Structure formats: structure tokens, C-alpha cells
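So you can see what is in the structure, the chains are spelled out below.
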Amino acid sequence: MNGQYTGEVPLIQLVSFNKLLEHYDEQLKSKDEFLAARAKYVLDAVAPYPELREGFDDLSLIGKHNDVIKTILADTFSPVLTHNEIKAASIPFANLVFNSSERFKKILKEAGDDFELEIRNLPDNLHYIMQCTVVLSFYYGFQLDFKRPLFYDIPDAKGLMRHYRILYNADFMEITPTEHAKDLKQEDFEELLDNFDNLELWKEKIPPNSFISKGFVISNMFDVTAEHSISEIKSTLIGSNKRGAENFMDSFQDTFRSLFNLKNINVGFAGYDLTSNRFLKIYGKGIESFILKGKEMESCDAMLCGSSYSKLLDENTFLAIPNVDKYYKNSGGEQPYKNLYDQGIKSAILAPIADEGNLLGVLELVSDKVNELNSINANKLADVMPFIVSAVIRSIEEEQNLIDAIIQHECTTVHSSVYWKFQEEAKRFMNYELVGEEPFFNEIVFKEVYPLYGQIDIKDSSKERNLAIQRDLMIQLSEIQTILEMAYKKLKLPIYEELTFRVNNHLEEVKDTLYTHSEQAVFDFVQEEVNPAFHHLKREDKEIKVLIENYEGQIDATTESYYDHRRNYDESVMETNMKLAALLDKKQQDAQRMFPHYFERYKTDGVEHNMYIGTSIANDRTFDELYLNNLRLWQLQTMVEMENKHYSLKPNLPVPLDVTSLLLVYSTPLAIRFRMDEKRFDVDGTYNARYEIIKKRIDKSIIKGTNQRLTQKGKLAIVYSQKKDEREYLRYVHFLKAKGYFTNSIEIVELEGLQGVTGLKAIRAEILYKTDATSEKTYTYDDLMEELKH
């Protein structure tokens, strides 16, 4: 049957008017002559068409017998109300309608010829079970509540979606069993109650085509668009992080358009910061603010005139602007009317999002038609504003939680691998508070953990930094010298000659050797002596003024000095650190999946990292030394990949810096303790402090009997003290050599004793580099530098 679900179902559905006609059979016997005559008229009209009583599934008969059906239904479909009621005859759970009221016909006509009427929330996979629940209730007498609100969604003449709630009158339905029907007991019913989603069980108990449904239902429909829009706004706002969804604002706009029954209105939002008394842009896909007009933020004093400020911030009431042009003209172009006027907006409503008198933001509704938005329809917002306020409050809380999480991630060292321990301690802390005891946070210690340390350091960083400072100071002093010489030449004042003499002294000093005090001495001299003289000279001579302004244009506003070479150096260090740290962080995700371990990295003149692995950190995982060996191999491989990353980056740096790499192997397990005052982990105990001493000093160590530094560009140094560590790492190096990470140049060297530490040795392996990730060709450091020159 057209308009019906065509899949397998328990009910054979027939259109029949038998139960209604039985009412007329009784009415025929009435003593009221008018009622009896009415009944006779209906029964005489239907008598030639017995199929209208017996039932039929050929829907073409509805059209064929349209006039007779109208006569049968005349009393249930009052002609007096046909232009008011939204009403039609139908069969249950189907999209078939007939004998519609004039208002419903008009609604369907405005929807367009290509519109297909369909019940919204009637999924095909539930058809069978829904019909079974009707059978259980109507025929077997088992009471079930499976009623769900049903709706039609029908666009109106403007293209706005209207929503209609369907209420069925099923008084004229009858259900009879076929030979396939089964006798169901209480236990069968209970079994079905426990197996709602077991379709095969439902088919077993109530087989397909086991009942005949005869009759029709009267569908009474009610326009619930306003209520539906409010519900949609509520649902949209309840979901967390909805504003990041692609279609969030499109859906939100459509809902407000339905609520106001206005097709072309648009919705915007502006946040509000109480501390700075500013409106802020809200970030999210498609979200914009019409009062900010593209700006990130703006002072409320600048964005609102006196009356609008009072309404939104002081009174927390709607500000309706039915005629933007008029308000703009009458206010002399004040805000917020100016920004609205500039965007071609003709009417608007600004609604404060406020909680207990505290403004949180502004909801903006705008239209390109005069008077379309006004103080009358602004009242429609009263029903939705509480949901918007709740959503904004929750969003602020979620944002604060996210900010806290970002701060924790970026600014503290509570790593995910040890977070469980902090959670345990925090819960214990809370429980103490709840029972009224004095809470305290126990120190968090992890015992028997193995340390791993690595660093990629910028080679000769102090020398490169001093060279940059030296060049900047010389350029700045030379510029000052040129200006002062011209000043003396033109104005003949001995003070300018004396200043020039002192500039020359600073220049000679900086040129020869940059002492630790040189930079500060030059800075103080310029601030206290040169700048006041230049300030005076700018008023004295136009030609000198041009020179001074050119000089001042080269001075960095932040450092108040010439900052060209230093900027290049700082940017090179920052770029190197950022790229190396990003690669290390990415690789760390893989390492954590292998086995959880504590990890921290920090940037200095290069990137250093600490790792600790052991049973006490692993929580619910069983630790084995195999995982330590695996992490050591991973670290070694990652260090070489970081070296490759840097040398692919080097040609693009303002200052082409070199790096050196070093690992420290320490096989004795130790304990780490979280220092509450420093918010970081540190090695615990005097004996374990030896590890920290070695860590701090090894990058300066030299090979025994020579003046040669251990760390060299193009080579990875692995420092250790025990023979078994040497054997283990030589295995790893030879394995990685076979994979193209190292050359055959592998040496073992003994290190000069450090202060308080002796007996250290190192494996030094020459790294093979690739010019890009896909290249199979490898290079030593010297070869790579030659390759990059071409």
C-alpha cells in the first residue's frame, strides 16, 4: 500500500469504516428523528459499497469512493471547523492521509509539489515491534507504555520549517487474529519485556501477518513550532562542545528563524569580560558578533551609548532596535547603531545573557528588514534565555577547566604516567576534608626507578650569542658615532666631541673582547648620556633630526637597543628548540604505548629530557627489564632522528647553528620525589644525588689525556660507567648501524674525572644523515654540510 511501511509486519492493515458505521446502525434506532434520518442517509450512501465495511488495501478505492467517504466522515470532520482544525483520516504508523481538513490541505499545498509527508521519529527498524505493542495491548490485554510523540515536519510558504504534533483517535480500529496468531502467556510477555531489541523473538511470539487491523484513525495535528524551537535550543545548548561542530550555527540560526517565524534573521553572540569591561569575540565555527563587526574585543564604553549601556549592563533587559537607520540618525552615529548600520542591518534585538545580575554575554538577533525585530517579538526570547544562560555558565566552567588542563600540561610536570598517583592523593585529601579532619598532601615518591637522560645542545651557544651581541653593539655605537660627529661639526659644542670620544672607547672595548659587563655598560651609557643628547639635538637641527629618527627606527622597542643579530640568534634557537621538542613529544606518544614511564623535557640552549621507568610508576602494569632495554633503544634511535630533523632545518635558520648530542646511561635504580615548592620531580636522597651531579657536568667533559671535548657535531656520545652498559649499548649501536643510523666510525673513550665523579667512559658514534625523509642516501656530517651548500 502506498504510504505504508512495506517491510515485514505483524498487522495486515485494511482501511475500513465498519466501527463508525456500526455507530450509525445504532443511531438508526434513535427516537430522535433528526439523528435517525442522518444515520439512514449515511447508511444508504454506503450500502452499494460493502468493501467500505469489510475493509480494503487498494488505496485507489479511497479516490474512487471519495464522495461517499466524505459523507461517512462528515460528522467527525465538521465543515464549520475545516479552515481552523489541522486534521486528516489515516491508518496508524503510516504516512497515508485522506479526507484532510481545508487547513491541512493548505499547509501541504504551501509545502510544494515535491514535498513528501513523512512521520519524523518513526524509524523503520522499530515498525515491527511498535505494531506488536499495539497487538499486545489491544488483543492480548497486556498493558505496555510504548507511546512516543509523533511529528510531521512541514515547510511553510516562506520556506521555514513548521512542526506539528500528531495525536491519534483510534476509536474506529479493530484487531482480529489470523490462523498464524499464537496464544501468549504471562511468561511470554515477560520474556518480550526483557528483549526489546531481539526482533527474531518478537517474530516468534507474534509472527508476521498474524493479525488483521481494520479501520482508520483520526489524526489531529497541532502546530508546536514555538515549543519545538525552544526544545531544540535547549537540546543544542545541553551538548558539550557543540560550538565546535560544523553545523552548529546553521542549525541554531534555523531554530531561531522557526521560533520567530522569520526566514531571514541571523543570530550572533558576543562574550563579556567583567574585569576589563569589554565585549569579546566568541570562538566557534560560524559564530560572529554583529556589534563587534569583526573585532576581537572592544570596550563596552566604546560599543554602547548611555541608554543601551544602561539596558544591557545595568538593567539586564532586552534592547530592541526596530529601525536601525532611525536610531543611527537620531543618536548622531553612536554605537551600537553605527556598526549595525554599517553592515546593512535594519532591525535588531540585543539580549543580555545574565546570571543573577552579572552579564556573561550578549545574544544578537538581526534582520535586513525594518521593524521585523521589535520590542513585541523580543518577548519570545523570555522562554529560551534561561537555557542560553545555563549553557554559557557551563561553557565558562568547561573553558576554565580546559584552561587549567592546558596550564597543567604546558606549565607543570604532572605527567600522565604518574597522574594516577596524584589522583589517589587528591581523593584522600578530599576525604579528610569531608570528615572534618585537617587535610594534608603526602609527598609523592616513586622508588626503584631507572633513569634515562638525553640532551641535544646547541654547539658553542655562548660564543654565538656573544658574537651576536658584539655585532649589534658595534652597529649601534657606529650609528651613534656618525650622528655625534655631525653634531660637533655643525654645532661646535665640545660636549659632542667628548661624547664621541666615549663612544669610541666603548667601540674599541667591544671590538676586542666582549666582557660580561660590556652589554650593560653600553646600554646604561646610551640611556643616560646619548638619548638625552639626541632628544635635544632633534630640536636644534633638522638634518640631524632625520639621522636620529632613522637611528631610532632601528631600535627595538622591547629591548630599547639595536637587536638585529641577537634577534636572528634568538629566533634560530627558538625554532630549533620548537622543532626538536615537537618531534620528541610526538615520538614519546609511541614510547608511552610501549610501556608507561615518567617523561619530562625542557628547553635551554637545546632540548633536554628525563625519563624514569619502573614498577612503582607502572601502576597496574607488570614491569620487566625488557621494557627498560626497549626504552633505551627507543631513546637512542629518537636522538638520531632529532639530529636529522635539525640538519634538515639548519639551511633555513637565520643563524646556521650546529648541535651536539649526548646520552647518560645509569643502571642503578633510584627514587624520585615530587618537590611541592618547585612543582617538579627530583632525585631523592644523598646517594642518588651522584646521578644529578653527573648529569649537570658531563656536557663539559673532555677525553682523558687530551683537550678534546666529548661532545662533537655529527657524533652521538653515550656516557656510562659499567661494563655491562657498554656491552648493551654497543649491541644497540651495531643494530642501528645496520639500519643506516651510524657509520663504521664507533669509538670508546675514557673521560677525565669530573669534580666528585670518576671512572666514566663513553661510546662515540658517527651519525649518518639523510637529506629528506624519503631519501635512501645517507651522509656523514661533513658530507652533509657539503651537500647542503649545493
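Residues numbered from 1 in each chain as written. Predicted model: local features only at pLDDT ≥ 70, side-chain atom pairs only at ≥ 80, totals over all residues. Heavy atoms only, no water.

## Let's talk about the sheet that holds strand β6 (residues 173-177)
Right, so step 1: Spatial ordering of the open sheet is given by β1-β7-β6, a layout of three strands whose pairing is mixed. At either margin of the open sheet sits one strand with a lone partner, and together these are β1 (11-15) and β6. Each strand axis lies, on average, 20° off the axis of its neighbour in the sheet, ignoring direction.
Right, so step 2: Pairing geometry for β6 and strand β7 (residues 211-215), over five bridges, is antiparallel. (Pairing = 2+ DSSP bridges. Helix = DSSP H or I, 4+ residues; strand = E, 2+ residues; numbered from the N terminus. Axes fitted to C-alpha atoms, helices over the stretch in contact; angles between N-to-C directions.)

## As for the sheet that holds strand β5 (residues 161-169)
Right, so step 1: In space, the five strands of this open sheet follow the order β3-β2-β8-β5-β4, with antiparallel pairing throughout. Whereas interior strands pair on both sides, the edge strands pair on one side only; in this sheet they are β3 (97-98) and β4 (150-155).
Right, so step 2: With respect to the sheet, helix α6 (residues 102-111) is in contact with β2 (86-90), β3, β4, β5 and β8 (217-223), its orientation differing from that of β4 by roughly 55°. (Contact = heavy atoms within 4.5 Å.)

## Some points on the pattern of salt bridges
Right, so step 1: Taken as a whole and assessed by the stated rule, the structure comprises 42 salt bridges.
Right, so step 2: Ionic pairing is found between K185 and D183, a salt bridge with its closest N-O pair at 3.1 Å.
Right, so step 3: By relative accessible area, which is 41% here, K185 ends up partly exposed.
Right, so step 4: Judged by relative accessible area, D183 falls into the exposed class, the value being 61%.
Right, so step 5: With a shortest N-O distance of 2.9 Å, D342 and K338 are connected by a salt bridge. Taken together, the residues D342 and K338, both in helix α15 (residues 337-342) and four residues apart, mark about one turn of the helix.
Right, so step 6: We classify K338 as partly exposed; its relative accessible area is 33%.
Right, so step 7: Each of the salt bridges in this network shares a partner with another, and the network as a whole consists of D188, E191 and K205. (Salt bridge = Lys/Arg side-chain N within 4 Å of Asp/Glu carboxyl O. Buried < 20%, exposed > 50% of the residue type's maximum accessible area, 1.4 Å probe, protein only.)

## Some thoughts on the packing of aromatic side chains
Right, so step 1: Going through the model one piece at a time under the given rule, you end up with 20 aromatic pairs.
Right, so step 2: Measuring from centroid to centroid gives 5.9 Å for Y140 and F211, while their planes differ by 75°, and the two rings are edge-to-face. Remark: F211 occurs in strand β7 and Y140 occurs in helix α7 (residues 127-140); sequence separation between them is 71 residues.
Right, so step 3: Taking the centre distance of 5.3 Å and the plane angle of 10° together, the rings of F172 and F216 count as stacked. (Phe/Tyr/Trp six-rings, centres within 6.5 Å; stacked < 30°, edge-to-face > 60°.)

## Considerations on the environment of D383
Right, so step 1: Within the secondary structure, D383 is located in the loop between β14 (358-367) and α16 (385-411).
Right, so step 2: Sequence separation between D383 and E227 is 156 residues; the distance between their C-alpha atoms is 9.3 Å.

## Some words on the packing of helix α18 (residues 461-491) against helix α19 (residues 494-512)
Right, so step 1: Running from amino to carboxyl end, α18 crosses α19 at an angle of 160°, the nearest separation of the two axes being 9 Å. Regarding the angle of α18 to α19, the classification is roughly antiparallel. Note on packing geometry: the crossing formed by α18 with α19 is left-handed. Facing Q470, L473, M474, L477, S478, I480, Q481, L484, E485, A487, Y488 and L491 of α18, the residues of α19 in contact are P494, Y496, E497, L499, T500, V503, N504, H506, L507, V510, K511 and D512. (Parallel < 35°, antiparallel > 145°, perpendicular 65-115°, else oblique. Left-handed = near helix turned anticlockwise from the far one by under 90°.)

## Some points on the nonpolar core
Right, so step 1: Formed by 47 residues in total, the largest nonpolar core has its most connected members in I613, L631, L636, L716, I718, Y729 and F742.
Right, so step 2: Taken together, the elements giving at least two residues each to this core come down to β15 (445-458), α22 (564-594), β19 (606-613), α24 (625-649), β20 (659-665), β23 (715-720), α26 (723-738) and β25 (761-767).
Right, so step 3: Looking at this core, the element that brings in the most residues is α24, giving nine residues.
Right, so step 4: Setting aside residues up to four positions removed in sequence, I613 forms contacts with V449, Y450, L452, F595, P596, H597, F623, Y627, L628 and L631.
Right, so step 5: In this structure, V418, F446, Y612 and V683 belong to the second largest nonpolar core, which totals 31 residues. (Core = buried A, V, L, I, M, F, W, Y, C linked by side-chain atoms within 4.5 Å.)

## Focus on a negative patch on the surface
Right, so step 1: Negative charge collects at one region of the surface, where D113, D114, E116 and E118 lie side by side.
Right, so step 2: Among the structural elements, E118 can be located in the loop between α6 and α7.
Right, so step 3: On the accessibility criterion, E118 (54% relative accessible area) is exposed. (Patch = residues over 30% accessible without salt bridge, like charges linked within 9 Å, V, L, I, M, F, W, Y side chains within 5 Å. Areas by Shrake-Rupley, 256 points an atom, 1.4 Å probe, with all protein chains shown as cover. Lys, Arg positive; Asp, Glu negative; His and termini not counted. Charge placed at Lys NZ, Arg CZ, Asp CG, Glu CD.)

## A closer look at the pairing of β14
Right, so step 1: Within β14, nine of the 10 residues are buried, which leaves the element mostly enclosed by the surrounding structure.
Right, so step 2: The pairing of strand β9 (residues 266-273) with β14 spans six bridges and is classified as antiparallel. Within the sheet, the bridge partner assigned to A270 lies in β14 and is V362.
Right, so step 3: In this structure, strand β13 (residues 347-355) lies alongside β14, joined through nine bridges in antiparallel fashion. Across the sheet, the residue bridging to I349 is L365, located in β14.

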